[in-house]
Every structure is written in C-alpha cells, then in structure tokens.
Amino acid sequence: MSAPKTLYDKIWDAHVVSEDDDGTCLLYIDRHLVHEVTSPQAFEGLRMAGRKVHAPDKTIAVPDHNVPTTEGRETHIENEESRIQVEALDRNAREFGVHYYPVTDIRQGIVHIVGPEQGWTLPGMTVVCGDSHTATHGAFGALAHGIGTSEVEHVLATQTLIQKKSKNMKVEITGRLRPGVTAKDITLAVIGKTGTAGGTGYVIEYCGEAIRSLSMEGRMTVCNMAIEGGARAGLIAPDETTFEYVKGRPHAPKAAQWEAAVNWWKTLFTDEGAHFDKIVTLRGEDIEPVVTWGTSPEDVLPITATVPAPEDFHGGKVEAARRSLEYMDLKPGTRLTDIRIDAVFIGSCTNGRIEDLRAAAEILRGRKVAEGVRAMIVPGSGLVRMQAEEEGLAQIFIDAGCEWRLAGCSMCLAMNPDQLAPGERCASTSNRNFEGRQGRNGRTHLVSPAMAAAAAVTGHLTDVRELVA
Ligand SMILES: CC(C)[C@H](C(=O)O)[C@@H](O)C(=O)O
Ligand code: SF4
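Treat the numbers as computed from the prediction; the structure is a model and nothing was measured.

Criteria and cut-off values
- Residues numbered from 1 in each chain as written.
- Chains lettered and ligands numbered in written order.
- Predicted model: local features only at pLDDT ≥ 70, side-chain atom pairs only at ≥ 80, totals over all residues.
- Helix = DSSP H or I, 4+ residues; strand = E, 2+ residues; numbered from the N terminus.
- Buried ≥ 20, exposed ≤ 12 C-beta atoms within 10 Å, placed from the backbone.
- Contact = placed C-beta atoms within 7 Å.
- Near = placed C-beta within 6 Å.
- Nonpolar A, V, L, I, M, F, W, Y, C, P; charged D, E, K, R; others polar.
- Domains from an automatic or database assignment.
- Core = buried A, V, L, I, M, F, W, Y, C linked by C-beta atoms within 7 Å.
- Axes fitted to C-alpha atoms, helices over the stretch in contact; angles between N-to-C directions.
- Parallel < 35°, antiparallel > 145°, perpendicular 65-115°, else oblique.
- Left-handed = near helix turned anticlockwise from the far one by under 90°.
- UniProt positions renumbered as here; feature names shortened; annotations may be inferred.
- pLDDT = per-residue confidence, 0-100.
- Pairing = 2+ DSSP bridges.

## A few points about the overall build of the protein
Then, number 1: From N to C terminus, the protein includes 16 helices and 19 strands.
Then, number 2: Reported as C-alpha extents along the three principal axes, the dimensions of the protein are approximately 55 × 55 × 45 Å.
Then, number 3: Across the 469 residues of the protein, 54% fall into the buried class.
Then, number 4: Pairs at least 24 residues apart make up 77% of the contacts formed inside the protein by residues separated by at least 6 positions.

## Description of the site of ligand 2
Then, number 1: As a structural note, the neighbourhood of ligand 2 is formed by 13 residues, with Ser 348, Cys 349, Cys 409, Cys 412 and Leu 413 the closest of them.
Then, number 2: Considering only residue class, the shell around ligand 2 consists of 5 nonpolar, 6 polar and 2 charged.
Then, number 3: Formed jointly, the shell around ligand 2 draws a minimum of three residues from each of two domains, domain 1 (1-288) and domain 2 (290-466).

## Structural notes on helix α14 (residues 382-390)
Then, number 1: Residues of α14 that are buried include every one of Gly 382, Leu 383, Val 384, Arg 385 and Ala 388, and no others.
Then, number 2: Contact partners of the buried residues in α14: α4 (111-117), α13 (354-364) and α15 (393-400).
Then, number 3: Positive backbone phi, at 85°, marks Gly 392, one or two positions downstream of α14.

## A few points about unusual backbone geometry
Then, number 1: Of note in this structure, Ala 255 is not a glycine but carries a positive phi near 50°.
Then, number 2: Within the secondary structure, Ala 255 sits in helix α10 (residues 255-265).
Then, number 3: Residue classification places Ala 255 among the exposed residues on the basis of 7 C-beta atoms within 10 Å.
Then, number 4: Even without a glycine there, the phi angle at Asn 441 is positive, about 60°.
Then, number 5: Relative to the assigned elements, Asn 441 resides in the loop between β18 (425-428) and β19 (443-446).
Then, number 6: Exposure remark for Asn 441: the 14 C-beta atoms within 10 Å place this residue in the partly exposed category.

## A few points about the nonpolar core
Then, number 1: Residues Val 344, Ala 360 and Leu 364 are the most contacted members of the largest nonpolar core, which totals 141 residues.
Then, number 2: Built from parts of two domains, this core gets at least three residues from each of domain 1 (1-288) and domain 2 (290-466).
Then, number 3: Apart from residues no more than four positions distant in its own chain, Leu 364 is found in contact with Ile 396, Phe 397, Ala 400, Cys 402, Ala 453, Ala 456 and Val 457.

## Notes on the site of ligand 1
Then, number 1: Taken together, Val 37, Thr 38, His 65, Asp 131, Ser 132, His 133, Gly 146 and Leu 413 are the residues near ligand 1.
Then, number 2: Its residues assigned to classes, the shell around ligand 1 shows 2 nonpolar, 5 polar and 1 charged.

## Points about the packing of helix α6 (residues 183-194) against helix α8 (residues 216-224)
How two helices sit against one another is set out by the angle between their axes and by the gap between those axes.
Then, number 1: At their nearest, the axes of α6 and α8 sit 8 Å apart, and the two run at 20° to each other. The angle between α6 and α8 places the two elements in the roughly parallel class. The interaxial crossing formed by α6 with α8 has right-handed handedness. Seen from α6, the contacting residues are Ala 183, Lys 184, Ile 186 and Thr 187; seen from α8, they are Gly 218, Thr 221 and Val 222.
Then, number 2: Considered class by class, the residues forming the contact of α6 with α8 number 3 nonpolar, 3 polar and 1 charged.

## Looking at the UniProt feature "binding site: [4Fe-4S] cluster" (unreviewed entry) in the protein
Then, number 1: Following the UniProt record, one finds the feature "binding site: [4Fe-4S] cluster" (unreviewed entry) at Cys 349, Cys 409 and Cys 412. Their sequence span is 64 residues, while the largest C-alpha to C-alpha distance among them is just 8.8 Å; these annotated residues converge on one region.
Then, number 2: For Cys 409, the contacting residues outside a window of four places in its chain are Asp 64, His 65, Ile 110, Ser 348, Met 415 and Asn 416.
Then, number 3: Along the chain, the position of Cys 412 falls in the loop between β17 (403-404) and β18.
Then, number 4: Since 29 C-beta atoms lie within 10 Å of it, Cys 412 is described here as buried.
Then, number 5: Residues contacting Cys 412, with those up to four places away along its chain left out, are Gly 347, Ser 348 and Ser 430.

## A few points about the domain arrangement of the protein
Where interface size is quoted, it is often the accessible area lost as the parts come together.
Then, number 1: For the protein, the assigned domains are domain 1 (1-288) and domain 2 (290-466).
Then, number 2: One C-alpha centre belongs to domain 1, the other to domain 2; they are set 24 Å apart.
Then, number 3: Listed per partner, the contact involves 41 residues of domain 1 and 42 residues of domain 2.
Then, number 4: For the side of domain 1 that touches domain 2, the secondary structure elements donating two or more residues are α4, α6 and α8.
Then, number 5: Element by element, the count of residues in the side of domain 1 that touches domain 2 is highest for α6, at 6 residues.

## So, the confidence of the model for the protein
Then, number 1: Summary statistics for the protein give a mean pLDDT of 98 and a share of 100% for residues scoring 70 or more.
Then, number 2: β18 holds the highest mean pLDDT among the elements of the protein, 99, whereas helix α11 (residues 316-328) holds the lowest, 97.
Then, number 3: Under the prediction, the complex receives an ipTM of 0.99, its pTM being 0.98.

## Details of the sheet that holds strand β16 (residues 374-377)
Adjacent strands of a sheet pair through backbone hydrogen bonds, lying either parallel or antiparallel.
Then, number 1: The strand order across the open sheet built from 5 strands is β17-β16-β15-β18-β19, with neighbouring strands paired in parallel fashion. Both outer strands of the open sheet, β17 and β19, are each paired with one neighbouring strand and no more.
Then, number 2: In this sheet, β16 lies alongside strand β15 (residues 343-346) in parallel orientation, the contact comprising 4 bridges. Bridge pairing links Ala 343 to Arg 374 in β16.
Then, number 3: Running at roughly 155° to β15, helix α16 (residues 449-458) makes contact with β15, β16 and β18 of the sheet.

See the structure below:
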C-alpha cells in the first residue's frame, strides 16, 4: 500500500507534469482567474512574443479592484489609472478570447466570488490568480493560490506553473461555535494564535467539527484569510455541503460527468495517519466574536477585551504595537466597545456573499444606522446583489440608512472611489487592516458582517450578542 497522503499531497500529485532533482515541479493549472490589476503586462508580454492564450476556455477574466460601485461606471471611470487598467482588461479579454464578465454583465463581481458562483472552481482543481486572496477557492478542496504578474504570463502561455511543494499544516477547530460567532471569527482567531507568519512555508488544511458545520460561504471566509496567516494556501476537504453548492452551477459538470466527478471528489480527503509538519488546534467553544485593534490581522482580541499596551508584548512586537496604537489613535486600557466609528464597510471577497448579507440584515432589520455613521453595503457580485434584492435584504439596508452599492472590491482597498477620509475609523468585513488600506490615514477594525452591522447601529464597536437577545 502507498503511504498515507494529505489532501494537499493528493491534489499536488495529480497535477505534477514534471519534477526536477531539486524538487521544483511543473504543475498543470485547471483554472486561471484574471483581474485588471495584475494582468495588463502579462497580456502585453504574450502580444509582444506573438503568443496566444494556451487554454482560453480555462481562463476567466473580470474587473473588480478599480471599478466604482455606483451607477454609470460602464461609461465613465474618473480616475485615469483605474480607467486604463479596466480598459486594458476589456481589450485583452476580447482579443485573447477568454471567458469575460465585464461591468455590464450581471455576473461581474469580485473574482473570488465570481469563480465559485459560476462553477469554475471545483474540488481537486489547481486554481491560480494574480491575487493573494485566491486562497478563498481552497474552501472547495481546490489547491488555490496567488501568483505574480510574470507567473500570470507563464500560465496564460502554457497553462502550467513552476512551483515547489509547501509543507503540510493542519488547523483543527473542534466542537461547535457559540451563538454570535462566525467563520470570520474563526479565521481571525486562528491568525491571532499563529501570527501572520505562522503559516509561512505551509499549505493549511482546516478541519474539525466546527469547520465541517460551516456553509460553503463560511468555508470561503476561512480560507480567504489563510494568506493573512502567512500560508501558501488554505484547504477544506470537499463533502456533501460542497457537492450541494456546486451542483447545477453554469460550469459544473453535468449528468454522467457529474457522477464521475463526485466519485473522484469523494477520494479527496487526508488519509488516516498522513503526516502534518505543524498542527494547531482551537476549541470552537473558546472562540468569541473578535475585532482587530491594530494594523496587522494578528492584532486580534475578543470584543469583550480592552486595548492592549505595548508592554503586553515581547521583542519586536513592543515597538510594532506602539506604532499601531499611535496610527489607530487608541489608548491602552480603553474598552474595545468604547471605540467610536465613522464608517462601516460590509463586502469584499472575505464577506461579500449572500450569507454575509443575510447576517448583516438580521441585525439591521428594523433598526437605523447611528447618526454620523456612513454604512456601505457592497455585494460581492451582481448575482449576489440581485439575490439580496429578491430576498428583501437590500430594502432592509436602505431602510436602515445604508448605501446599497454595485459589486466590486470597493472599500476593501483604496483603489477606487470608495475610500475613508484621513483619520476616519471603519468597522470592516474585509481582510486587511494595514495602514492606509482603506484610504490614506484611514483606520480599519476587521470584524464579521454581524459585528459590522452591530457597530453601524450603535456607532461604536459592539458585541453583537447584545443585539440579538
Ligand atoms: C491588487 C491585488 C494584487 C491585491 C492582492 O494580491 O491581494 C489585492 O487584491 C489585495 O487584496 O491586496
Ligand atoms: S475584495 Fe479586497 S482582498 Fe478581495 S481581491 Fe478585492 S481587494 Fe483583494
């Protein structure tokens, strides 16, 4: 019998085209997702070399980072740099004949939401994109990770990628989550424990009862932030929840092909006794609704805690904490729930799916956004937006006084008109709280959609459990 394998080992082995003596491999790539920021030079490279896209049918392009989230964007993008990138993608996608969802298409949205929604992302695949949050697709049991622009060109030209294998890491979340605790709290709590470098050199497989109980939306939220924990990719073994989500999607296999696919997908799990180089375990019951206080995703605490002091840390982290607190304008000892906010952003590839909007609507139903707070709700795709309108969620948001936007990366990063003003503080469902991430000198507190909605209602960071009685 062959040695027991991890899920990662199995997907890796199924895609190796060739291997060098030093372990460098050529991997076959099943899906290549493309957005406007990291692809212009790659397409230009092909053009200059007179090459075609090797597998246009496995290449999917969509503009997301630079697109405004207001009406009229099909005809006008004010910022020149943004306009040039979106226009370049439009030209390249059409000229090279890849699948394309322009802003005029209801299916347009954030690349990591569109891929799964359209059934491009399937278990056991290799998925790449010139974007670090490609890790999201690992929720399907697909080996998915970000690549650089020169690699984008390599994949466009050859449908392969040169890679060295990472080590195996297991993150197990046992038991059940308590009320008010979500996938976002899991993924932030893990980074709080391991640090942003804890996953460096590894591919993480998330497992355990609490992970199994998550919907596909929740699993995508967890895997989305694997990269914030330093990992190359995050993975969750596919199961009935996965098959159920995939079945019937436009590009999912059909009929006899579906049966064959599911039979293979059912073999995609870590064998008993397979070796992990690192194991981290958290009890689901111990995880609380969390919030970040600093400028790194590892600066995370339960909402019931107080702002830490630099002296609470060790080594280089003391100075980092001092700088974080200064940037965030926070005083040690302040209760996190006493921190007032100016803005709320609900969206992004971390939390811009229908389940996230439902969780936010649950809190906002019949309530009003606090005075002086700007709350922006940005669905992750045009289809999520449509579904939210059909379910009455959009009306709940509008009645509460939120802005109801068109799909895109929006205020997750300051690459389009949705930005914080200097000094503004935001409760955000995105994945990065770096300095200036949501606008120059803006301050970001990462939270779950329910926690963001709770903050919108009260005007300060809030324990969502107090609003669900
Ligand atoms: C612009 C893009 C390359 C970047 C990434 O790789 O992640 C962005 O999506 C982000 O979230 O910071
Ligand atoms: S939503 Fe944010 S994290 Fe996701 S791809 Fe866009 S900018 Fe990156």
